[in-house]
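Working through the structure, step by step
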Amino acid sequence: MIELKEELQSYASCFDRLQQRAGGPAWLRQLRVAAMARFTELGFPTRRQEEWKYTSVAPVAKGAFAFGDGLIQPPEGVDPLAGLDCHRLAFVNGRFRADLSSVLDGVEAGSLSAALNTGNELVENHLARYASYQNHPFVALNTALLEDGAAVRIPAGTILEKPLYLLWLSSGEQTMSHPRSLIVVGAGSQVSIIEAYAGFGEGVYFTNPVSEIVVGENSIVEYYKVQRERPGCYHVATIQSEQQRGSTLHSHSASFGAALVRNDINSVLDGEGAECVLDGLYTGGGAQHIDNHTTLDHAQPHCSTREYYHGILGGRASGVFSGRIIVRKDAQKTDAIQSNKNLLLSEEASINSKPQLEIYADDVRCTHGATVGQLDADALFYLRSRGIRAEEARNMLIAAFAGGVLDRIRMGALRERLEEMLRQDLQSLLPVQQAAGHASAARSRLHEVP
Amino acid sequence: MLSIRNLHANVGDKEILKGIDLEVKAGQVHAVMGPNGSGKSTLAGVLAGRELFEVTAGEVLFEGKNLLEMKPEERARLGLFMAFQYPVEIPGVSNMYFLRAALNAIRKERGEEELDAVDFMQLVQEKTRVLEVGENLLSRPVNVGFSGGEKKRNEIFQMAVLEPRLAILDETDSGLDIDALKAVAAGVNAMRSPERAMVLVTHYQRLLNYIVPDFVHVMYDGRIIRSGGKELALELEETGYAGLEETVAAQ
C-alpha cells in the first residue's frame, strides 16, 4: 500500500501545481479537487479488478510522468491524416494550438481552456456530466488534471459538409497529457468528427484522453477515432456518448500504435428510437497490448445497436475485447447485435474476448458472437497457386479481414488512409520468416456469457 | 513439357503415390482416370505444390526445371495452372482484384508489362464472352456464394485469362450439370493449342465425350496401371473400375 501511495505522489504534485497555475471558474476548481480525491481513493487499477483482469497498467502506474510541453513545434509529417479536406483543430500535449489549426466558418469549435475562462455555459452545463470520474480512475485523473482541450458545439439544424478533425499530438520523455473533448451536437444536425492521436520524437509518453459526446435529438453523428501513437507509448482513452431520441451515432475506432492501449467506448441510448453503431479495428504486433471495453446502455425502448470489432494480432501481441450490452427494464424492443472477430497471425498472439449481456427487459433481441482464427491455409494456397507471392497473398487475406470493418466507413478518404496504415503495419504484424499456411494452435479464450 | 519419374508421395505416414511415371508433351491432352482413392487428386496436388503432400522419392521436371523445388507461386509463374476440384471461397477479396494481381505476377515473370485496370477489363470482357461467365461474378468476392457450376466456370475463366503452358484440371467435371459441363468443355477446347498441354484428372468418362484426350491413363492404388489412346476411356466406361484389381494381380 505504501508503494501505491508513492505511485500517486507525482500525480498529486502535478495536481497541486496545476491548481496554483491554472485559473478557471470556481466550479472547475472544485471539480478538479473532487476528481483528484476520487483518483486518490481509487488508485491505479490492478488485475484483481474484473474490468482490468487482462490489462496491467503497471507501466503507467510505475512511470513518473510530468506534463508535456504544449508549446513545442511538431515537425512536418506528424499528422497521420494530413491533406484531409476538413476543419482542423490541433493540440500538442493536450494544449490547443491556434497556429496549427485551420479557420472554421460557422462552427463553434476551439480551445476548451478559452471556453472555460470566458464562462461559456455550454461547458458548465455539459463538462464531466457524462464521463463519470467516480468509477474509472483514468477518467478521474483526466478530470483532476483538466486544463485545456476541445470544446465543440454544433448548433441545432447544422449540416457540416466537411468533417471536423481534432488532432492530438504528444511528445516528450516520460511526459503525459490528458486531452479532453466536449462535443455537443444539437438537434437535427449532421456532422462527422475525427479524433486522431499521434506523436513525435523518441520519448515515451502517456496519453489519457476523455471525450464526451452529446448526440442531440434526430441528429446524425459519425465519430472516428484513429489511434496512431508512437511505438512504446501508452494510450488509455474513454469515449462517452449520450444519445437523445431518434439520434444516430456511428462510432468507429481504429487502433494501430502504442505499446499499451485501453479504450473504453460507451454509449448511453437515452431516447426512444436511437441507433448506435460501434465499429472497431485493432491491430497489434510485437509486444503490444490492446484492450477494447465497450458498453452499450439501452436505457429507452426501440433502440438498436450494431457492434463489429475486428482484431488482427501478430508477434506476441495480446488483445482484449469486452462488449457489454445493458438493456434496462423499460428498454423493450431493443435490437442489439454484437460481433467480435479475431485473426491471430502467430502462435504467441492471444485474445480474450468476452461478451456481457445484462438484460432486464423481456421483449428484446440481443445476439452476440466471437471468433478467433488463423489465416485460411486453403485460401493462401489458392492465391499462391495463381502466381501471387506468399507474402502478398497473406496481405490480401489480412486486408480482406480488416475490410469487414473498414468497408463500413463511409468517408472514403479516411478509409483509404486507414487501409494505408494497415499496409504499413503489416510487416510488424507478421514476421517474414513465418511459413505460409502455417497453422498454429494460437492461445485464445472465448468467454461464455454467464 | 512435363516429366514425372518414379514419383512417390505420402500424406502423413501413408503412402498415396507409389511410383508414377508420366510424360506430357506440348500440344497433348492427357486424361488420368481412376476410382476414388487411387491417388489422382494427390498427383494433381503434388504438381501444384500443396504442402499437405510429402514427396518421398522421384522427380518432376517442368520445362526442364525441377518442379518439386519450387513454391506454388513459382510454378504458376512458370506456366502451371491447376483448376481446383474444390475452388476456395475467399471473402473480402474481389475476383477481379485477385485475378489482376495473379495475371500481373505472371506477366512480370514473363518480362511483359503489367496491365492497368482498363486493359485488364478489356481482356476480361473478351474472355467472359467466350466462356459465358456472368460479369456479375467478377465483382463478387472470389467464389463466395457461387454455385458449384459457377465455381468451376470461374476456374476455367481464370485459366483463360492466365493462359498457362500446362493446365491440370482436377475433377473439373464432377458435380456439373450438362450445360455447365458443355460450357467448361468449350472453354477448355478453345484453349487447346500446339504450345499448351493439359492433364484432365477425372473419375468419369463423361467429360471425355466433350474434351477428347490424346492419351488416357488409368490409376489404381497409387500407380498408373494402364495407358492408351482415347478408346481406353470407352472401354473403362463399359467394364467400370471393377476389373482393375484383376489387372493389377495379373501384372
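This text goes with the structure placed above it.
Cut-offs used in this document
Residues numbered from 1 in each chain as written. Chains lettered and ligands numbered in written order. Predicted model: local features only at pLDDT ≥ 70, side-chain atom pairs only at ≥ 80, totals over all residues. Heavy atoms only, no water. Helix = DSSP H or I, 4+ residues; strand = E, 2+ residues; numbered from the N terminus. Rg over C-alpha atoms; globule rule 2.2 N^0.38 Å. Buried < 20%, exposed > 50% of the residue type's maximum accessible area, 1.4 Å probe, protein only. Contact = heavy atoms within 4.5 Å. Areas by Shrake-Rupley, 256 points an atom, 1.4 Å probe, with all protein chains shown as cover. Pairing = 2+ DSSP bridges. Buried area = accessible area lost by both parts, 1.4 Å probe. Salt bridge = Lys/Arg side-chain N within 4 Å of Asp/Glu carboxyl O. Polar contact = N/O pair within 3.5 Å; in protein donor to acceptor, adjacent residues only side chain to side chain. Nonpolar A, V, L, I, M, F, W, Y, C, P; charged D, E, K, R; others polar. 1 Å grid on protein atoms, 1.4 Å probe; cavity = no way out; pocket = protein on both sides within 12 Å on 5 of 7 lines; lining within 4 Å. Points joined across faces, edges and corners; volume = space filled by probe spheres on them. Axes fitted to C-alpha atoms, helices over the stretch in contact; angles between N-to-C directions.

Points about the overall build of chain B
Counting its regular elements, chain B contains 10 helices and 12 strands. For chain B, whose C-alpha radius of gyration is 18 Å, the value lies close to the compact-globule estimate of 18 Å for 251 residues. Dimensions of chain B, computed from C-alpha atoms along their principal axes, come out at roughly 60 × 40 × 35 Å. In chain B, which comprises 251 residues, the share counted as buried stands at 55%. Long-range contacts, defined here as pairs at least 24 residues apart, represent 70% of the contacts in chain B between residues at least 6 apart. By element, 47% of the accessible surface of chain B is carried by carbon and sulfur atoms, the whole surface being about 11,100 Å².

Overview of the pairing of strand 20 (residues 335-344) of chain A
Residues and elements named next belong to chain A. Counted residue by residue, strand 20 has 9 buried out of 10 residues, so it is predominantly covered. As paired elements, strand 18 (residues 304-313) and strand 20 share 10 bridges and run parallel to each other. Bridge pairing in strand 20 places Y308 opposite S339. As judged from the 9 bridges shared by strand 20 and strand 22 (residues 365-373), these two strands associate in the parallel manner.

Remarks on the interface of chain A and chain B
Taken together, the contact pairs 18 residues of chain A with 31 residues of chain B. Buried surface at the junction of chain A and chain B, both sides included, amounts to about 1,900 Å², of which 64% is carbon and sulfur. At the boundary of chain A and chain B, one finds 4 salt bridges. In this structure, E51 of chain B and R384 of chain A form a salt bridge, with 3.7 Å as the shortest nitrogen-oxygen distance. Counting across the interface, chain A meets chain B through 9 residue pairs in polar contact (both at pLDDT 80 or more). Every element with two or more residues in the side of chain A that touches chain B is listed here: helix 7 (377-384) and helix 8 (390-406) of chain A. With 6 residues, helix 7 of chain A is the largest single contributor of residues to the side of chain A that touches chain B. Considered class by class, the residues forming the side of chain A that touches chain B number 10 nonpolar, 2 polar and 6 charged.

Re empty space enclosed by the protein
Residues and elements named next belong to chain A. Tallied over the entire structure, the rule returns 6 cavities of 30 Å³ or more. In this model, the second largest cavity occupies a volume close to 60 Å³. Lining the second largest cavity are 12 residues, and of these Y54, H293, V320, S322 and K354 lie nearest its centre. Elements that contribute at least two residues to the lining of the second largest cavity include exactly strand 19 (318-327) and strand 21 (350-359). Residue composition of the lining of the second largest cavity, by class: 3 nonpolar, 5 polar and 4 charged.

What about the sheet that holds strand 9 (residues 166-170) of chain B?
Residue and element names in this part refer to chain B. Here we have 6 strands laid out as an open sheet, ordered 6-9-10-3-11-12, and mixed in their pairing. Taken across any chain shown, the strands that pair with only one partner, and hence form the sheet edges, are strand 6 (80-83) and strand 12 (223-228). Here the average twist between neighbouring strands, direction ignored, is 20 degrees. As paired strands, strand 3 (residues 29-33) and strand 10 (residues 197-202) are joined by 5 bridges and run parallel to one another.

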